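Working through the structure, step by step
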Amino acid sequence: MLDMIAVLIQSTVAAASEKTDVASVADAAVRVWLTTRSMILIAVILIALGIASLVGFLLARRETMGVDSALVARFNQKLRVWWLMLAIFVVGFLLQRIGVVVLFGLVSFWALREFITMTPTRRGDHRTLFWVFFFFTPLQYILIAFGSRPPSFVPQNDYYGLYSIMIPVYASLFIPARAAIAGDYKRFLERSAKIQAGLLICVYALSYAPALLDLDLVRTGGEPWTGSNVSLLIFLVVVAQLASVLERGWSKLAGRHVIAEKINGSRTWEGVLGSMVTTGLIAASLYWATPFYPWEAGVLAAVVTVMACGGAMTMSAIKRDRGVTDTGTLVQGHAGVLDQIDCVCFAAPVFYHLTRYFFSA
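My aim in this report is to walk through the structure given alongside it, one point at a time. What you see as residue numbers is a count from 1 along each chain, following the sequence as written. Only residues with pLDDT of at least 70 are given local features in this predicted model, and only at 80 or more are side-chain atom pairs given and counted; all residues enter the totals for whole chains, interfaces and linings. Side-chain metrics in this entry use all non-hydrogen atoms of the structure; hydrogen atoms and water are not considered.

Helix and strand content of the chain: 13 helices and two strands. The buried share among the 361 residues of the chain stands at 45%. We call two residues in contact whenever any of their non-hydrogen atoms come within 4.5 Å of each other. Sequence-distant contacts, at least 24 apart, represent 72% of the contacts inside the chain between residues at least 6 apart. In short, Shrake-Rupley with a 1.4 Å probe defines the accessible areas, and a residue's cover is counted only from the protein chains shown. Surface summary for the chain: the accessible area is close to 19,000 Å², and the carbon and sulfur share equals 68%. In this text, helices come from DSSP runs of H or I with a minimum length of four residues, and strands from runs of E with a minimum of two, each type numbered from the N-terminal end. Whether a residue is buried, partly exposed or exposed follows from its accessible area with a 1.4 Å probe, protein chains only, as a fraction of its type maximum: under 20%, in between, or over 50%, in that order.

What follows is the structure, encoded as structure tokens:
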């Protein structure tokens, strides 16, 4: 009998030790932030931006090369925006996951400010906007920060179930109810819908970008991926930005059929198709920084391209409706924050859910 008890105790201790070892391995995996591949990816981006900046400088100096000066100026302005975005991202990465979440939260706050400023509001909307800016926006990113591994002082749950419905359900119901309490019924539906759309695009959709950092990623077949989720976030932002630029380039070079002339006369179906192919090829060449195989990276990049172009068209329609050219002035002569991230806003939730469904444990 005593022998049986001793064996039982030993097996219990061994099982507990095994669980501790597994937990330690899992915790060690969670603590991995920047891997060698992540740093190589950042270095590739730095080199590419450096070469592009040199080309832009030479084109600006040599006016006799026959290149449209306005096109060169826009190219150099875009490069300045990318350098600024890269610098901000690097600062966020140095502060690790919480720093990146806070960074995207600030970007969402600024983009939402531009969105609301672009469209007129009434006095009755001010209290509703207070709740939108100072309650729902930070709450969304707090829930993103909790993720599936919340700190010990909060209930231990996977907060995906809450941040995935917080704004589409609870905030969308709260906004018209709070606006109604203000007692202003003029253009009530239009005003409520405008605030809901701004919160959905600028905060909810964009928040899925830092949410990528919380996924436990696997490769096709279930093999655990040992890379850093930072690489996946960089991959999404780079692909979305490239998709937007390449779509404009292909539209200018081979565009014949305009998508919606009254919305944006420079965007064509040929541009979208050309961007899908070229962005997909570039993404496939960067597969080593992601849990995807080359063809998977290419397909996801094509999806991101479609969503990025959809985001650009949506913002063009909103700006045409409001009679403005740009949403703000992030860089002199080159639009605002929302103009720079509309492609990421529309691509982030789709990319996140595809990755979560097919490449998450």
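On to the pattern of salt bridges, then. For this analysis, a salt bridge means a side-chain nitrogen from Lys or Arg found within 4 Å of a carboxyl oxygen belonging to Asp or Glu. For the coordinates displayed, the defined rule picks out eleven salt bridges. Here Asp 184 ties to Arg 191 by a salt bridge, and the two come within 3.8 Å at their closest N and O atoms. Judged by relative accessible area, which is 14%, Asp 184 ranks as buried. In this structure, the salt-bridge partner of Arg 187 is Glu 190, at a minimum N-O distance of 3.6 Å. Residues joined by salt bridges that share partners form a network here, namely Arg 97, Arg 149, Asp 214 and Asp 216.

On to the packing of aromatic side chains. Planes of paired rings set the category: under 30 degrees apart is stacked, over 60 is edge-to-face and the rest tilted, where pairs are Phe, Tyr or Trp rings (Trp by its six-membered ring) whose centres lie within 6.5 Å. Going through the model one piece at a time under the given rule, you end up with 18 aromatic pairs. Between Phe 130 and Phe 134 the ring centres are 5.3 Å apart and the planes differ by 40°, which places this aromatic pair in the tilted class. Of this pair, Phe 130 and Phe 134 both sit in helix 5 (residues 126–146), four residues apart, which is roughly one turn of the helix. The residues Phe 130 and Phe 134 share a single accessibility class, namely exposed. Ring plane angle 35° and centroid distance 6.2 Å describe the contact between Phe 235 and Phe 351, whose orientation is recorded as tilted. One end of the pair, Phe 235, is in helix 10 (residues 229–254); the other, Phe 351, is in helix 13 (residues 337–359), with 116 residues separating them in the sequence. Accessibility classification places Phe 235 together with Phe 351 in one group, the buried group. Linked through ring pairs, Tyr 160, Tyr 163, Tyr 204, Tyr 208 and Tyr 352 together constitute an aromatic cluster. Any Lys NZ or Arg CZ that is within 6 Å of a ring centre and within 35 degrees of that ring's normal is treated as a charge sitting over the ring. The ring centre of Trp 110 lies 4.8 Å from the NZ or CZ of Arg 113, which sits over that ring.

Interpretation in functional terms is not warranted from these geometric data alone.
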